[in-house]
Amino acid sequence: MTEKIGNEMYDLMKRLYPICRSITGDGVRQTLKIIKKLIPIEIKEVPTGKKVFDWTIPKEWNIKDAYIKDLKGKKIVDFKKSNLHVLNYSKPINKKMNLIELKKHLFTLPEHPDWIPYLTSYYKENWGFCITQKQFEKLKEDTYEVFIDSELKDGHLTYGEYLIKGKSKDEVLISTYLCHPSLCNDNLSGVVLTTFLAKYLKNKKLNFSYRFLFIPETIGAITWLNINEKNLSKIKHGLVVTCVGDSGNLTYKKTRRGNAEIDKIVEKILFESENQFTICDFFPSGSDERQYCSAGFNLPVGSLMRTPYGRFPEYHTSADDLKFVKPKYLADTYEKYIEIFNILENNGTYLNQNPKCEPQLGKRGLYRMIGAQKTQEKNDAFVSELAMLWVLNMSDGKNSLLDIAIKSNLSFKEIKIAADALLKNKLLR
Amino acid sequence: MTEKIGNEMYDLMKRLYPICRSITGDGVRQTLKIIKKLIPIEIKEVPTGKKVFDWTIPKEWNIKDAYIKDLKGKKIVDFKKSNLHVLNYSKPINKKMNLIELKKHLFTLPEHPDWIPYLTSYYKENWGFCITQKQFEKLKEDTYEVFIDSELKDGHLTYGEYLIKGKSKDEVLISTYLCHPSLCNDNLSGVVLTTFLAKYLKNKKLNFSYRFLFIPETIGAITWLNINEKNLSKIKHGLVVTCVGDSGNLTYKKTRRGNAEIDKIVEKILFESENQFTICDFFPSGSDERQYCSAGFNLPVGSLMRTPYGRFPEYHTSADDLKFVKPKYLADTYEKYIEIFNILENNGTYLNQNPKCEPQLGKRGLYRMIGAQKTQEKNDAFVSELAMLWVLNMSDGKNSLLDIAIKSNLSFKEIKIAADALLKNKLLR
Amino acid sequence: MTEKIGNEMYDLMKRLYPICRSITGDGVRQTLKIIKKLIPIEIKEVPTGKKVFDWTIPKEWNIKDAYIKDLKGKKIVDFKKSNLHVLNYSKPINKKMNLIELKKHLFTLPEHPDWIPYLTSYYKENWGFCITQKQFEKLKEDTYEVFIDSELKDGHLTYGEYLIKGKSKDEVLISTYLCHPSLCNDNLSGVVLTTFLAKYLKNKKLNFSYRFLFIPETIGAITWLNINEKNLSKIKHGLVVTCVGDSGNLTYKKTRRGNAEIDKIVEKILFESENQFTICDFFPSGSDERQYCSAGFNLPVGSLMRTPYGRFPEYHTSADDLKFVKPKYLADTYEKYIEIFNILENNGTYLNQNPKCEPQLGKRGLYRMIGAQKTQEKNDAFVSELAMLWVLNMSDGKNSLLDIAIKSNLSFKEIKIAADALLKNKLLR
């Protein structure tokens, strides 16, 4: 089941991989159009020049082609081979120059001589090429033809948004960024996972409303927060989805609050899983949780990743490619997100209706018939007695089912089944 | 001294061992009568049918004999050899049946082929025999005579209660259960230890009042709580006494509150002791602390055991016998309970009467005469200077002597002697 | 730089070493006069008989000479060779006596046969000699001439005080004791370190006012607290300086409060340092923090030492000499105290002026120009982006720069530089 979804996510990633995205422009639009075939996102456009808090929507950037030719007319660097070759947001150029001048605009990664670095210059007009160290070392004194067929003009910042309405207006925010060009783990993995999470929830009966954002990193989050400032109090829980497809263990970066319900949920799920994991406190570098958790908003938004940005050598290089991400890791992360939704949807705080001593579970068919046995026999209709005792003992109005699951060290599922049995028997309200 | 008491407790256990007890009936009465020779307990009777919270006092059960005979008239299972052979609370039966029918009412422990399991059926009318796996495997196709000479009729639930009055009406509750038949650690050990603790306190001048309960487990605690609901606020500290005679280390199960004074006392004593020990948080399975600590009461009742119920293989089997419990372990647990009483009786919160700087202890004869020595010489009249400094420094009205002993890592005794010396010198009030 | 200061401190210690000090008398005056050549301390005198809380200023003690002669007139113990030879505060005596009588007044250290112990008898009139175990063992039956040319008379308790005024009337208290005779680590090390700390701050522009005390231990602190009781609320932070010149690792004894700002500062500095260190909770034995942190005052005064009093074998013996303390250890402790002052002076709590999302640091020249790079290049004008993000994120009015440095695990210096850059750009207030 999740294997199938893992493959579907990977296939979507393969389709999105060649597109040259940036924080604005047609690459983003094209990406959103493909996603829209799977989930009914709204595509929104915010014009260049609009003020969003301390920032301004920049000019829209588009690019058709770029290359460096040597005197013989041979393309020695070619945008068509990798869109990482162009410094993202490069202004147009068409000029001949010598090697000394050219080198001021070349970027390499000496420690990985076969990899192309990914670099940007959104807010300072510049142009440049990112090449491998090996390409760089082959360059000789020569006259080079440098050509970038790009355009920087008033236009729009584009993003996608999709709200699945549940019974409550309280929202769960799932935010991912789609501004990176041909880079897989960072962050096509986030884009495809978010898409399939929305697809999963689309036709479910839900308690919470779920808001999915596909935005350019930083400026997109700032823009969305600016536009939606009045509605932010609806956001009760949130996660930023990034770097979710590599082979590393799961990493949870907590909300700035550090003890939000989403923190407890993700921690519980990670503790219940069989694999190693990492939980770290909030820190103010990273992805869009930087904006959601800025001092003035302090929204309960965490981030569940695999290997975090900056912690894998392939990060922001051409080596973060289709081989670096695997369907099974996408599927594993997907499962964990689904478990999170499951707890979010099923958590609740109940009141023991018979708080003085235990109720007699036996007369309600909820307790073993032969007493003094050492352990409860598990059968098909298994409702854990121990879980019921925990729920009864802790349901004093102060503890949610999640709190009880954490305290008892039982699974949320076991606690939920017990609570349902007690609810059915009116022992809980 | 405690060796002698260990032997006395063990001797009492030997007397109580053969009696067939249950949650009601003459076994309980007989047990209480024997205890009454040592301490003046009141024996109370609560009639069948009385509602106690969600429960009802069941019919009283008594049994005279029971066996299974084969066609040749040979008793192959005999209640007289072990009262565990009968499913506790079995209804009367006198019937011939074939092996297939009989097997529906036989219970064994395949993993321990020589042991008889202990099983009950209090609240669902049933009958059965508990036998060893070896007995079970010898059974052949045959016609068996099944005979249980028991009686289930309106009667009473019986329990014992003993209040030792101290200066204060505030109470310490010591609760043990006496409903198990021939099983030693669970819980004749608790019954005899509780008896001797009451005997120890009987003629002492006490600050607290001490209430001792000898009740059937679960239904007895529920009954007592129901009858005494209005007086529960008097209970300031409590312990459930169970499984206190085996060779395992001491285990303390905290109160549901988790930070009650009794929790701090027992933890301090365990930390001071030389032996390994375990401290665990409250959990809602177990013994009568389940009822005392139910959400609606949340009394400060913990439980100091040795190996907890369910954690030793002999638990609820015929192997929990007179060999499994030893006088020296009973004596060791006894000592710890006496230490608990000692702290309960002597703890207090005082106020430093000279809180600005240290008082001059030397002029009161409380400080060494030759200054600058590295350590205090210990003599007969030794009052620890360090302990006095701790008491003075922390006696700001917020810290009890126990708190000071915990914080200073000094023994409660040392702190108490220091406080007494300071009180005598009016430096404390 | 600090090497030079280490040597200067050591030189001062050498000058002070031979003086016979006590809790009163000319030794203290002489010591203060030498210090006064380096920093403008006020020398204060409090008369014998004055009541200070539970204590009374004792008679002033002075001593000129002391010896024990054998019948042949040979000085076998001579105050002029070591002032430790006389039980500090010995009354005058001039008498012949036999060995039995003499021995009642002799003190030795059997476990260190070459060392002279340091002992006192301030509050009980007595006389005595402290000698090595080897000296003691050579004594034969003889008639001895015992001579102590001391004087106990109404006079004064003398101490030194120096206040460096800063912008604020809030004070930092730096307290050391100068009552010990020829003992180096305990506490000439504290005296010389405190002197040079005051010298360092003397001409600085300061936010806090700094009060330096050179007092006799215990009675001096009690006296000062008594005289200044009305002004104690000014003391916002404080440290007792003792045992700061030996080769041991740094040890910080926390304030009684346990979470004062000074506790956080010293802990941060120790965690940042490369060396091992010890942090321990407050305990009520020790030095003058006993008085400052008595229940009635509870001032935020900790103590940063090297090996604490009583924890080195040389403590309170003639082996705590000029060889036991080394310039480099004095210098190392000095550095740490300066770092403490640096944080005290530079700590502050600011308010992010742009709390909704991050401000655009790039347009202010505070962010790297090429985006998506893995790490920030460090150049001369290096202001850590990460530190700026931490300061912005946490400057919600609840966190000081110190709190941010602790939470972020960045150095206080890095955080301070970032905060200054943000302040300059009006992003912080």
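All figures in this text were calculated on a predicted structure; none of them were measured in a lab.

Peer 1: Where do I start with the relation of the copies chain C and chain A in this structure?
Peer 2: Between the two chain copies there is a screw-like relation: a rotation about an axis and a shift along it. The transform that puts chain C on chain A rotates by 120° and translates by 0.1 Å along the axis, for an RMSD of 0.1 Å. Viewed as a symmetry operation, the transformation between the two copies matches a three-fold axis. Taking C-alpha positions as the reference, the residue of chain C nearest the rotation axis is Asn-259 of chain C, at 13 Å.

Peer 1: Hey, could you run me through a positive patch on the surface in this one?
Peer 2: Residues Lys-72, Lys-74, Lys-81, Lys-138 and Lys-140 of chain A make up a contiguous surface patch of positive charge. With relative accessibility at 55%, the residue Lys-74 of chain A sits in the exposed group.

Peer 1: Just checking my understanding: could you explain the pairing of strand E4 (residues 60-69) of chain A for this structure?
Peer 2: In regular strands, side chains alternate between the two faces of the sheet. All names here are of chain A. Counting buried residues in E4 gives 9 out of 10 residues, a clear majority hidden from the surface. As judged from the 9 bridges shared by E4 and strand E9 (residues 143-153), these two strands associate in the antiparallel manner. The partner of Ile-63 across the bridge, within E9, is Ser-150. Sheet topology places E4 next to strand E5 (residues 75-78); 3 bridges connect them, and they run antiparallel.

Peer 1: Explain helix H6 (residues 219-227) of chain C to me, please; I cannot follow it from the model alone.
Peer 2: Because an α-helix completes one turn every 3.6 residues, residues spaced three or four positions apart along the sequence face the same direction. Burial within H6 of chain C is extensive, with 8 of its 9 residues counted as buried. Within H6 of chain C, burial applies to Ile-219, Gly-220, Ala-221, Ile-222, Thr-223, Trp-224, Leu-225 and Asn-226 of chain C.

Peer 1: Would you explain the side chain of Thr-158 of chain B in this entry?
Peer 2: Residues and elements named next belong to chain B. Mapped onto the secondary structure, Thr-158 falls in strand E10 (residues 156-164). With a relative accessible area of 0%, Thr-158 lands in the buried category. A distance of 3.4 Å separates the side chain of Thr-158 from the side chain of Arg-29, its partner in a polar contact. In this structure the side chain of Thr-158 is engaged in a polar contact, spanning 2.9 Å, whose partner is the side chain of Glu-45.

Peer 1: Would you mind going over the sheet that holds strand E13 (residues 235-241) of chain B with me for this structure?
Peer 2: The pairing of strands in a sheet comes from backbone hydrogen bonds and takes either a parallel or an antiparallel form. Residues and elements named next belong to chain B. Read from one edge to the other, the open sheet built from 8 strands follows the order E1-E10-E12-E11-E13-E16-E14-E15, with strand pairing classed as mixed. Two strands lie at the open edges of the sheet, namely strand E1 (42-47) and strand E15 (277-280), each paired on one side alone. Geometrically, the sheet is characterised by an average inter-axis angle of 20° between neighbouring strands, direction not taken into account. As paired elements, E1 and E10 share 6 bridges and run antiparallel to each other. By the bridge assignment for E10, Ile-43 is matched with Gly-160. Helix-sheet contacts for helix H6 (residues 219-227) involve E1, E10, strand E11 (171-177), strand E12 (209-215) and E13, and the interaxial angle to E10 is about 65°.

Peer 1: It is not clear to me how the interface of chain A and chain B should be interpreted in this structure. Could you clarify?
Peer 2: The extent of an interface is frequently quoted as the accessible surface area lost upon association of the parts. Listed per partner, the contact involves 24 residues of chain A and 34 residues of chain B. Of the roughly 2400 Å² buried at the junction of chain A and chain B (both faces included), carbon and sulfur atoms supply 54%. The tally of links from chain A across to chain B stands at 6 salt bridges. Close ionic contact of Asp-281 of chain B with Lys-407 of chain A constitutes a salt bridge, the shortest N to O distance being 3.8 Å. On the surface where chain A and chain B come into contact, there are 14 residue pairs in polar contact (both at pLDDT 80 or more). Here the side of chain A that touches chain B gets 6 residues from one element, more than from any other, and that element is helix H10 (residues 385-394) of chain A. Residue composition of the side of chain A that touches chain B, grouped by class: 12 nonpolar, 5 polar and 7 charged.

Peer 1: Could you clarify how one ought to interpret the pattern of salt bridges in this entry?
Peer 2: Oppositely charged side chains are able to pair whenever their charged atoms sit close together. All names here are of chain A. The tally for this structure, following the rule as stated, stands at 81 salt bridges over all chains. Two residues, Asp-114 and Lys-134, come together in a salt bridge whose shortest N-O distance is 3.0 Å. In this pair, Asp-114 sits in the loop between strand E7 (106-107) and strand E8 (129-130) while Lys-134 sits in helix H4 (residues 133-138), placing the two residues 20 residues apart along the sequence. By relative accessible area, which is 49% here, Asp-114 ends up partly exposed. For Lys-134, a relative accessible area of 43% translates into the label partly exposed. If you follow the salt bridges from partner to partner, you end up with Asp-26, Arg-29, Glu-45 and Glu-60 in one network.

Peer 1: What am I meant to see in the packing of helix H1 (residues 2-16) of chain B against helix H9 (residues 327-346) of chain B here?
Peer 2: The description of two helices packed together rests on the angle between their axes and the distance between the axes. Residue and element names in this part refer to chain B. Running from N to C, H1 and H9 cross one another at 115°; their axes reach a closest spacing of 8 Å. Crossing of H1 over H9 shows right-handed handedness. Across the interface between the two elements, Thr-2, Ile-5, Gly-6, Asn-7, Met-9 and Tyr-10 from H1 touch Pro-327, Leu-330, Ala-331, Tyr-334 and Glu-335 from H9. Here the contact of H1 with H9 is composed, by residue class, of 7 nonpolar, 3 polar and 1 charged.

Peer 1: Looking at this structure, I do not really get the interface of chain C and chain A. What am I missing?
Peer 2: Between chain C and chain A, the contact holds 24 residues from the first and 34 residues from the second. Between chain C and chain A, the buried area comes to about 2400 Å², and carbon and sulfur atoms account for 53% of it. On the surface where chain C and chain A come into contact, there are 6 salt bridges. Asp-396 of chain C is the salt-bridge partner of Arg-256 of chain A, the closest N and O atoms lying 3.1 Å from each other. On the surface where chain C and chain A come into contact, there are 14 residue pairs in polar contact (both at pLDDT 80 or more). Sort the elements by how many residues they give to the side of chain C that touches chain A and helix H10 (residues 385-394) of chain C lands first, with 6 residues. Classifying every residue of the side of chain C that touches chain A gives 12 nonpolar, 5 polar and 7 charged.

Peer 1: Please clarify how the packing of aromatic side chains should be interpreted in this entry.
Peer 2: Any aromatic ring pair is given by two values, namely how distant the centres are and how the planes are angled relative to each other. Taken as a whole and assessed by the stated rule, the structure comprises 39 aromatic pairs over all chains. Ring centres of Tyr-122 of chain C and Tyr-123 of chain C lie 6.0 Å apart, and the angle between their planes is 80°; this geometry places the pair in the edge-to-face category. Members of the aromatic cluster, connected to one another through ring pairs, are Trp-55, Trp-61, Tyr-89, Tyr-122 and Tyr-123 of chain A. Taking NZ or CZ as reference, Lys-253 of chain C lies 3.7 Å from the ring centre of Phe-283 of chain C, over its face.

Peer 1: Looking at this structure, how should I read unusual backbone geometry?
Peer 2: Negative phi values dominate among residues other than glycine, just as trans dominates among peptide bonds. In this structure, Asn-187 of chain B follows Asp-186 of chain B across a cis peptide bond, with omega equal to 20°. In this structure, Asn-187 of chain B sits in helix H5 (residues 184-201). Unusually for a residue other than glycine, Tyr-89 of chain A sits at a positive phi of about 80°. Residue position: Tyr-89 of chain A is located in the loop between E5 and strand E6 (93-98). Phi angles above zero are rare outside glycine, and Cys-243 of chain B is one such case at about 55°. Locating Cys-243 of chain B in the fold gives a position in the loop between E13 and strand E14 (250-253).

Peer 1: Please explain the confidence of the model for chain A as it appears in this structure.
Peer 2: Detailed reading of predicted coordinates is not advised where the pLDDT is low. In the predicted model, chain A carries a mean pLDDT of 96, and 98% of its residues have values of at least 70. At the level of chain-chain contacts, confidence expressed as ipTM amounts to 0.94, with global pTM at 0.93.

Peer 1: In this structure, what is going on with the environment of Lys-81 of chain B? I would like to understand it.
Peer 2: Residue and element names in this part refer to chain B. Among the secondary structure elements, Lys-81 is positioned in the loop between strand E5 (75-78) and strand E6 (93-98). Lys-81 sits in the exposed class, given a relative accessible area of 72%. In this structure, the C-alpha to C-alpha distance between Lys-81 and Tyr-67, residues 14 residues apart in sequence, is 9.8 Å.

Peer 1: Explain the packing of helix H5 (residues 184-201) of chain C against helix H9 (residues 327-346) of chain C to me, please; I cannot follow it from the model alone.
Peer 2: All names here are of chain C. Taken N-terminus to C-terminus, the directions of H5 and H9 make an angle of 45°; their axes are 10 Å apart at the nearest point. Accordingly, the angle class assigned to the pair H5 and H9 is oblique. Between H5 and H9 lies a crossing whose hand is right-handed. Contact residues: H5 offers Ser-189, Val-192, Leu-193, Phe-196, Leu-197, Tyr-200 and Leu-201, while H9 offers Leu-330, Thr-333, Tyr-334, Tyr-337, Ile-338 and Phe-341. Across the contact of H5 with H9, the residue classes tally to 11 nonpolar, 2 polar and no charged.

Peer 1: When you look at the environment of Ser-287 of chain C in this model, what are you seeing that I'm missing?
Peer 2: All names here are of chain C. Within the fold, Ser-287 resides in the loop between strand E15 (277-280) and helix H8 (289-292). As a C-alpha pair, Ser-287 and Tyr-177 span 110 residues in sequence and 8.6 Å in three-dimensional space. Once you skip the residues sitting within four places of it in the chain, Ser-287 turns out to touch Tyr-177, Glu-217, Val-240, Thr-242 and Tyr-309. Within polar-contact distance, the side chain of Ser-287 engages the side chain of Glu-217 at 2.9 Å.

Calculation criteria
- Residues numbered from 1 in each chain as written.
- Chains lettered and ligands numbered in written order.
- Predicted model: local features only at pLDDT ≥ 70, side-chain atom pairs only at ≥ 80, totals over all residues.
- Heavy atoms only, no water.
- Least-squares fit on C-alpha atoms with pLDDT ≥ 70 in both.
- Patch = residues over 30% accessible without salt bridge, like charges linked within 9 Å, V, L, I, M, F, W, Y side chains within 5 Å.
- Areas by Shrake-Rupley, 256 points an atom, 1.4 Å probe, with all protein chains shown as cover.
- Salt bridge = Lys/Arg side-chain N within 4 Å of Asp/Glu carboxyl O.
- Lys, Arg positive; Asp, Glu negative; His and termini not counted.
- Charge placed at Lys NZ, Arg CZ, Asp CG, Glu CD.
- Buried < 20%, exposed > 50% of the residue type's maximum accessible area, 1.4 Å probe, protein only.
- Helix = DSSP H or I, 4+ residues; strand = E, 2+ residues; numbered from the N terminus.
- Pairing = 2+ DSSP bridges.
- Polar contact = N/O pair within 3.5 Å; in protein donor to acceptor, adjacent residues only side chain to side chain.
- Axes fitted to C-alpha atoms, helices over the stretch in contact; angles between N-to-C directions.
- Contact = heavy atoms within 4.5 Å.
- Buried area = accessible area lost by both parts, 1.4 Å probe.
- Nonpolar A, V, L, I, M, F, W, Y, C, P; charged D, E, K, R; others polar.
- Left-handed = near helix turned anticlockwise from the far one by under 90°.
- Phe/Tyr/Trp six-rings, centres within 6.5 Å; stacked < 30°, edge-to-face > 60°.
- Lys NZ or Arg CZ within 6 Å of the ring centre and 35° of its normal.
- pLDDT = per-residue confidence, 0-100.
- Parallel < 35°, antiparallel > 145°, perpendicular 65-115°, else oblique.

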